[in-house]
Amino acid sequence: MVDPALDTQFSLWALIGRRWRSAFSVSTLPFELKQEFTQSLGKYFMPFLLGGLVAAGLAIAISLYIGSLLALSFAAVALVGFGFSVTACYAARRPLNTDQLVKVESRYLLGATMASAGLGGIVLAVIYVQAEFILQTLLVMVALAALGVGNGSGPGRPAAAFAQAASLCLPVAIATLIFWPQPWNYASFIGVLAYGGACVSLSLRSFAGQSDMLRAREQQRAERLRVDAALQHLNQSTVLLDQDLQVVLINQSARHMLGLADDMVVPGMSFPDLLVMAPNLARATGDRDEFLTHARLLVVARQSFNGVLRLNDDRVIDLECNPVPDVGWVAVLRDSTGERNAIAELNREVRRCTLTGLPNRRALGEELDRRLRMGEGLSLLLIDLDGFKQVNERHGHAVGDRMITRIGFRLRTADPGLFVARMGSDEFAVLTHEANAAAALALAQSLLETIDTPARFAEAEVSVGAAIGIALAPGDAVLSDNLVHAADLALLAAKAEPGNQIRLYDPRLAEHASRSAALESRVRTAIRTQMIEVAYQPIIDVASGKVVAVEALARMPASPEDPISSEQLVAVAEARGVIGQLRRQVMRQAALVIAHLPGELSLWVNTSVSDLKSPAMIDEMLADLGDAQLPCQRFAIEVTETALMTDEGACFANLRRLIDLGAGVAMDDFGAGFSSLDRLRRLPINAVKISGTLMDGIGSDDVAARIFGLAAGLGQSVGVLLVAEGVEQPEQLAMVRANGIHRAQGFLFSQPVAASRLPAAILAAEAVAHGLLQRA
């Protein structure tokens, strides 16, 4: 069984042996590296020539001086050896093939060995004939120096060093050991052999260092070739630059883009010169000069820089240069023509209505800005279609889209000088160079007639109206946003009137809009901060004179300077979608107040149709009533007749649910609209409040009395509770009683009062009612 330690030693010595053999042989290197290694001898031609001549001349001179034929023979051998080494160095200066490389290496090895053997023989001969000690010492030093120089520098070969050390050091060491006096003979013997060993070791290290350097350089060269090959075949146009912006590499894609032939790019050419001479940039002088000026500033700061160049064929090139630390720069050229065209097309698309092909709101704003900057006078007409929603509902959105397209075509072709844009769903804008009111009004009237013309789509004949708002520049505004706002205010004023209307902007419209905005802000703030107040007005039972119910009315906080009516409060809340919040604030306050009053008084609260459409409304009301412990049977809502006319179907479910819960549902302002017996019969209601407007003239106008009687008769015919509003005079109360109306409400009994005054108002109302009943 083999000892593991012994096996390890054998393996170690085998590894050292392989390393030793590879170190002694140039053949372990690849051919390209062997060639480079051998050709490195070429740079030592002149040093070896001069050194060899000096050493050989000195050896021959000393040989002649001491008259030794043996020394002279060895000098001849050394001279021949120097000749072989010098001719080998000279041959290495030319490119070599494999055979020539071997011959040069062999010649150099032979020459170095012969030169060393000749020098060693000369030293042996000089010491043997017992020449002057100074000559012996001089020759020993020259021989050893020659050995050191030949093996401690670039041309050193391990095999040559071993041969030189053996052929030179052994004769010198033996000669000094035999013929020199003690103890110098032993010292010189050991010193010369040690020096020879050191020279061999130094040669080994030099050869290993050179071999590693050559291999590393070859790896770098191979890696660069791979990178170059990759860059050359890269579709992205790329230029590699050094730190001074000199071209290191330009790939084929970049050459093709710039129109550069292969022989036009010289290594070391500066990047600015490359751009100047590029044939495809001949027309880009301005862009190129601006880019280079910018680049020079940023190169100093080692910051990335970029620019845009336009080729002769109008292609657009994005050029970007990025620094690579301690290396240089990478310039990338990218053809962005297609991308820029796509962006331009996208910009056109985002400025165009996809349905009609007309410019959109954004394009209108840009066109307005352009014309106003040029100081042009113009008129802006904003057009809002009337009845377009009904077209969609009656004929479908497909017909609606075709109608919008037809209207856009009519507007665009009405006058070639008009700029027509589609602002939104059913809104258009028209720009004209006419800057006077008369011309703008005439154009608006013409466009109204164009829009009003019916259009036929298959079996459907469709027609819409329009309202037009007009603003003039520079009279009404000099900025595009302000001009659009002015035209929009005029359009709102036109839409507020029935039929096809045209309105010119008037500064008073802006004042009205400002007041409306302030009003809206105050209302929204009051609702948000729960500052809404509640006023209460008693409702009298006509037969008994007792107060049986109280109507809760929303009120804004008192403001003597600028009071806001209940009608304005409700209108703003409905328009801004906060009517539900308003109703809840009123309900919470009023339910607590009524629940704490003595008796079985009922609470009546006004609601809007938009609130009645909410699925959560009934649950919110029930929660507020539950919090106040007020039974649902003591609660009623009021909704106006005209509001129910607009969307009674959407409110039907909530009205029915309230009736089923035992609550009251009253149609408010009955008789103020188009009172209908069919509507009274169809809707789930159990009370009717006859409008106070029907009270006007009662007592002095028989027609008014008959109209009031007819309204009361309609209510009685469906068997609902009747309440007369707006009772202010005893004669009106008498008419109420005469027509069989059950309850009455009005200033005759009490004005709306705060919660703190409600008990007293109830007593006063009952006192008035009882007094009138006793006189009747």
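For every chain, the first residue of the written sequence is number 1, and numbering continues from 1 onward in sequence order. For a predicted model such as this one, the threshold for reporting local features is a pLDDT of at least 70, and the threshold for listing and counting side-chain atom pairs is 80 or more; totals across whole chains, interfaces and linings nevertheless cover every residue. Side-chain calculation: all heavy atoms of the structure are included, whereas hydrogens and water are not.

Participant: Honestly, the pattern of salt bridges in this entry has me stumped. Any pointers?
Facilitator: Pairing between side chains of opposite charge can happen when the charged atoms of each approach one another. Criterion for a salt bridge: a side-chain nitrogen of Lys or Arg within 4 Å of a carboxyl oxygen of Asp or Glu. In this structure the tally under the stated criterion is 20 salt bridges. Two residues, arginine 583 and glutamate 620, come together in a salt bridge whose shortest N-O distance is 2.9 Å. Taken as a pair, arginine 583 in helix H20 (residues 579–595) and glutamate 620 in helix H22 (residues 617–628) lie far apart in primary sequence, 37 residues in all. Whether a residue is buried, partly exposed or exposed follows from its accessible area with a 1.4 Å probe, protein chains only, as a fraction of its type maximum: under 20%, in between, or over 50%, in that order. Arginine 583 sits in the buried class, given a relative accessible area of 4%. Notably, a salt bridge pairs arginine 588 with aspartate 624, separated by 3.5 Å at the nearest N-O pair. Here arginine 588, found in helix H20, pairs with aspartate 624, found in helix H22; they are 36 residues apart in sequence, far enough to count as distant. Judged by relative accessible area, which is 2%, aspartate 624 ranks as buried. Sharing partners across several salt bridges, the network here consists of Glu551, Glu638, Lys689 and Glu725. The secondary structure listing takes helices from DSSP runs of H or I that are at least 4 residues long and strands from runs of E that are at least 2 residues long, numbered from the N terminus.

Participant: Please explain helix H3 (residues 45–66) as it appears in this structure.
Facilitator: Because the α-helix completes a turn every 3.6 residues, residues three or four places apart line up on one side. Take the number of residues in a helix, subtract one, and multiply by 1.5 Å to get its expected span. A rise of 1.5 Å per residue sets the reference length of H3, with its 22 residues, at 32 Å; its end C-alpha atoms lie 31 Å apart and thus fit the reference within 8%. Those residues of H3 not exposed but buried are Phe45, Phe48, Gly52, Ala55, Ala56, Ala59, Ile62 and Ser63. The arc that holds the buried residues of H3, viewed along the axis, is 140 degrees, so those residues lie on one side. Opposite the buried face of H3, at more than 90 degrees from it, the exposed residues are Leu50, Leu53, Val54, Leu64 and Tyr65. Backbone geometry just after H3 places glycine 67 at a positive phi near 70 degrees. In this context, the arc is that of the directions from the helix axis out to the C-beta atoms.

Participant: How do you make sense of the packing of aromatic side chains when you look at a structure like this?
Facilitator: Within a pair of aromatic rings, the relevant descriptors are the distance that separates the centres and the angle that separates the planes. When the centres of two rings from Phe, Tyr and Trp lie within 6.5 Å, Trp using its six-membered ring, the rings pair. Their planes under 30 degrees apart give stacked, over 60 give edge-to-face, and anything left gives tilted. Evaluation of the coordinates by the stated rule reveals three aromatic pairs. Ring centres 5.2 Å apart and planes at 55 degrees place the aromatic pair phenylalanine 45 and tyrosine 90 in the tilted group. With phenylalanine 45 in helix H3 and tyrosine 90 in helix H4 (residues 69–91), this pair connects stretches of sequence that are 45 residues apart. Ring plane angle 55 degrees and centroid distance 5.0 Å describe the contact between phenylalanine 133 and tryptophan 180, whose orientation is recorded as tilted. Here tryptophan 180 lies in the loop between helix H7 (158–179) and helix H8 (184–232) and phenylalanine 133 lies in helix H6 (residues 133–151), a separation of 47 residues in the sequence.

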